[in-house]
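# Structural overview
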Amino acid sequence: MANRVLVGTSEEFPAGELKAVKVEGESIVVARVSSGVCAVKNKCAHLPLPLAGGKLEGDSIVCPWHNSKYEMCSGENQDWVAGLLGIKMPNWSRSLISFGKKPQPLTTYIVIEEDGKVYVEI
Ligand code: FES
């Protein structure tokens, strides 16, 4: 059974910002998007590198390493290895940057926002 863990108040998660939190030893990135507060594992699906230094583009998180883009709430991959350190690369370079790995979704977590507090289930 999942544990509901308090990660902060609603004010601590303003729209448009990514915030890394530790929940039971797991690093998680939390962000408020148009549908509410969502959380994903702080590890890219491409390589095991942290996503917290990335950016939000609308309701999506963009990895700071090779620009893969994921829908923040579902974790669905929307663009796979599109660049390098924030710089868009030509399409032919994707097969090199991917290291042969196919697009995959991020691990997501259930988030509950209740009475001005934000909880993650883990
Ligand atoms: S580590 Fe995120 S796209 Fe490569």
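Shown above is the structure to which this text applies.
No experiment lies behind these values; they were computed from the predicted model shown.

## Observations concerning the side chain of H46
- Note that H46 resides in the loop between β4 (36-41) and β5 (55-57).
- Owing to a relative accessible area of 2%, H46 belongs among the buried residues under this scheme.
- Within the local environment of H46, its side chain forms a polar contact with the backbone oxygen of I97, the two atoms lying 3.0 Å apart.
- Polar side-chain contacts of H46 include one of 3.3 Å to the backbone oxygen of S98.
- Beyond its immediate stretch of four places on either side in the chain, H46 contacts H66, Y70, W80, V81, I97, S98, F99 and K101.

## Comments concerning the state of the cysteines
- Overall, the coordinates contain 1 disulfide when judged by the stated rule.
- There is a disulfide in this structure between C38 and C73, and the S-S distance comes to 1.8 Å. Because the torsion about its S-S bond is 80°, the bridge between C38 and C73 counts as right-handed. Of this pair, C38 sits in strand β4 while C73 sits in the loop between β7 (69-71) and β8 (77-79), and the two are 35 residues apart along the sequence.
- Of the residues examined, C38 reaches a relative accessible area of 10% and is grouped as buried.

## As for the pattern of salt bridges
- This structure, assessed with the given rule, holds 7 salt bridges.
- For K69, the salt bridge is made with E57, and the minimal N-O distance between the two is 3.3 Å. Residue K69 is found in strand β7, and its partner E57 is found in strand β5; the two are separated by 12 residues along the sequence.
- The class of K69 is partly exposed, set by a relative accessible area of 24%.
- Look at E57 and you get partly exposed, because its relative accessible area is 34%.
- One salt bridge connects R94 with D79, and the closest N-O pair in it is separated by 2.7 Å. One end of the pair, R94, is in helix α1 (residues 94-97); the other, D79, is in strand β8, and 15 residues separate them in sequence.
- Under the relative-accessibility criterion, D79 is labelled partly exposed at 24%.
- Salt bridges sharing common partners tie together K55, E57 and K69.

So, how was this worked out
Residue indices follow the written sequence of each chain, beginning from 1 at its first position. Predicted model: local features are reported for residues with pLDDT of at least 70 only, side-chain atom pairs are reported and counted for 80 or more only, and whole-chain, interface and lining totals are derived from all residues. Side-chain measures here rest on the full set of heavy atoms in the structure, leaving out hydrogens and waters. A run of H or I in DSSP counts as a helix once it spans at least four residues, and a run of E counts as a strand once it spans at least two, with each numbered from the N terminus. Buried means the residue's accessible area, taken with a 1.4 Å probe over protein chains only, is under 20% of the maximum for its type, while exposed means over 50%, and partly exposed covers the values in between. Between N or O atoms, a polar contact is any pair within 3.5 Å; within protein, one atom must be a potential hydrogen donor and the other a potential acceptor, and residues adjacent in sequence are included only when both atoms are from side chains. A contact between two residues is defined here by any heavy atoms of the two lying within 4.5 Å. Pairs of cysteine sulfur atoms within 2.5 Å are what we label disulfides. The salt bridge criterion pairs a side-chain nitrogen of Lys or Arg with a carboxyl oxygen of Asp or Glu, the two atoms within 4 Å.

Without other data, these values stay purely geometric and don't point to any function.
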